[in-house]
Amino acid sequence: MTTSSNTKTTLRSLSFADAIDIFDAYLRTEKQASPKTIENYQRDIEKLVRYADQHNITYISDIDAFHIRQCMSQLHKDTLSPRSLQRWLSGIRTFYNLFIKKRYAETNPCEGIKAPKANKPLPKTLDTDQVSQLLSNTKDTFNDCRDNAMLEVMYSSGLRLSELTSLNLYDIDWTDKTLIVTGKGNKTRQLPIGRFALKALKKWLPWREKYLKDTAETAVFISTRGKRLGQRTVQQRLKALSISQSMDQSVNPHMLRHSFASHLLESSGDLRAVQELLGHANISTTQIYTHLDFQHLAKVYDKAHPRAQRKDKK
């Protein structure tokens, strides 16, 4: 049985130079990692080795949590982004996990350490005038009627691209003016659908029936070959439509979903309702996904809070 002192001797016997060779062999043989993955790991380890050299640290066992935090802080000051720091920390954690298994290390110095959270940039949104411009196509052709119906439905109900392409005829309740979609985690939700979307669908359905090849096909949106429309095709059609409608930017499906959420939230201020409509499991996702300008927040505050009447009544 290995004693504590013998374990310490074993830990100190593995230099960074030897550890890098062992780790490289592990990635190439046992993990059979791709050249790009190996390159990324090597870059991560090199950053730690530079730190170790600067502080006269030779053996991997001499690195502890303090050193990891200090190295990460230094990398952050060197303008390494939070996302890159997260990847670096993951790489170092994998590096040390290997040597714990091989009994060259007892603990992982990365345990309990978290990299700074990366900011999640909001996707671009369209204002109401831009949405109207995008949906102003009145041509009566197969593609035009289908594309307009797709866009109206996406904007009307805030659908994800996958939810749009998987939509079936039996998912639409024309009487209640609702539709059923299946979102992430195979969860279904019932959503309202607006009159403009219903009108566009009614205009599209005769074209669908004309081009339908198989009566067993239940997809709402099909191609000229009569098959369910794929996500990639929807993206391409939306990009082409944004050009033909002289939009000042290329539009993608996610922008319509985000615009739906933004416009609804700006008008109602009801974050919980928007969360339910979007199908978000956590409201924190909705808070990141949507945005409110300060003027709107101030108006809601003035109207709703019993002691928020900031304007003096005369």
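Below, the structure is looked at part by part. (Residues numbered from 1 in each chain as written. Predicted model: local features only at pLDDT ≥ 70, side-chain atom pairs only at ≥ 80, totals over all residues. Heavy atoms only, no water.)

Turning our attention to the packing of helix α7 (residues 142–157) against helix α9 (residues 195–211). Where α7 contacts α9, the two axes come as close as 8 Å, and the packing angle between them is 145°. α7 and α9 meet at a crossing whose hand is left-handed. Across the interface between the two elements, F142, C145, R146, N148, A149, E152, V153 and S156 from α7 touch F196, A197, A200, L201, K203, W204, W207 and Y211 from α9. Tallied by class, the residues present in the contact of α7 with α9 amount to eleven nonpolar, two polar and three charged. (Axes fitted to C-alpha atoms, helices over the stretch in contact; angles between N-to-C directions. Helix = DSSP H or I, 4+ residues; strand = E, 2+ residues; numbered from the N terminus. Left-handed = near helix turned anticlockwise from the far one by under 90°. Contact = heavy atoms within 4.5 Å. Nonpolar A, V, L, I, M, F, W, Y, C, P; charged D, E, K, R; others polar.)

Here we take up the packing of helix α2 (residues 16–30) against helix α3 (residues 35–54). The geometry of α2 relative to α3 is characterised by a closest axis approach of 11 Å and an angle of 170° between their N-to-C directions. By the angle between their directions, the pair α2 and α3 is classed as roughly antiparallel. Contacts between α2 and α3 pair F16, I20, F23, D24, L27 and R28 from the former with I38, Y41, Q42, I45, L48, V49 and A52 from the latter. Taken together, the residues of the contact of α2 with α3 sort by class into ten nonpolar, one polar and two charged. (Parallel < 35°, antiparallel > 145°, perpendicular 65-115°, else oblique.)

With that out of the way, let us pick up the packing of aromatic side chains. Taken as a whole and judged by the stated rule, the model has ten aromatic pairs. Plain terms: the ring middles of F142 and W204 are 5.1 Å apart, the flat faces sit at 70° to each other, and that makes the pair edge-to-face. Of this pair, F142 sits in helix α7 while W204 is found in helix α9, placing the two residues 62 residues apart along the sequence. By relative accessible area, W204 is classed as buried at 0%. Their ring planes at 35° and their centres at 6.4 Å tell us that W207 and Y211 sit as a pair that is tilted. Placement of the pair is W207 and Y211 together in helix α9, with a separation of four residues, close to one helical turn. Taking relative accessible area as the criterion, Y211 reaches 27% and is therefore assigned partly exposed. (Phe/Tyr/Trp six-rings, centres within 6.5 Å; stacked < 30°, edge-to-face > 60°. Buried < 20%, exposed > 50% of the residue type's maximum accessible area, 1.4 Å probe, protein only.)

Further remarks concern the sheet that holds strand β2 (residues 178–182). Spatially, β1-β2-β3 is the arrangement adopted by the three strands of the open sheet, whose pairing is antiparallel. Of all the strands in the sheet, just β1 (172–173) and β3 (188–192) have a single pairing partner and so form its edges. Examined bridge by bridge, β2 and β3 share five bridges and lie antiparallel to one another. Directly across from I180, in β3, lies its bridge partner Q190. (Pairing = 2+ DSSP bridges.)

Here β3 shows a clear split, with R189 and L191 buried on one side and none of T188, Q190 and P192 buried on the other. In textbook terms, the turn of a hairpin is the stretch between consecutive antiparallel strands, and for β2 and β3 this stretch comprises five residues, one of which, G185, has a positive phi near 70°.

L134, V153, L201, W204 and F221 are the most contacted members of the largest nonpolar core, which has 44 residues in total. For this core, the secondary-structure elements that each account for two or more residues are α6 (128–134), α7, α8 (161–165), β2, α9, α10 (231–244), α11 (253–268) and α12 (271–278). Among the elements that take part in this core, α7 stands out by supplying seven residues, more than any other. If we ignore the near neighbours within four places in the chain, the residues touching W204 are F142, C145, R146, A149, V220, F221 and I222. Listed in part, the 32 residues of the second largest apolar core include L85, F95, L98 and F99. (Core = buried A, V, L, I, M, F, W, Y, C linked by side-chain atoms within 4.5 Å.)

Moving on, we get to the side chain of K47. Along the chain, the position of K47 falls in helix α3. At 4.8 Å, D44 is the nearest oppositely charged side chain to K47, a buried residue that forms no salt bridge. (Lys, Arg positive; Asp, Glu negative; His and termini not counted. Salt bridge = Lys/Arg side-chain N within 4 Å of Asp/Glu carboxyl O.)

What follows deals with unusual backbone geometry. In terms of backbone geometry, most residues other than glycine have negative phi values and most peptide bonds are trans. For N56, which is not glycine, the phi torsion reads 55° and is therefore positive. With respect to the helices and strands, the residue N56 is situated in the loop between α3 and α4 (65–77). In this structure, R103 takes a positive phi of about 65° despite not being glycine. Mapped onto the fold, R103 is located in the loop between α5 (82–101) and α6.

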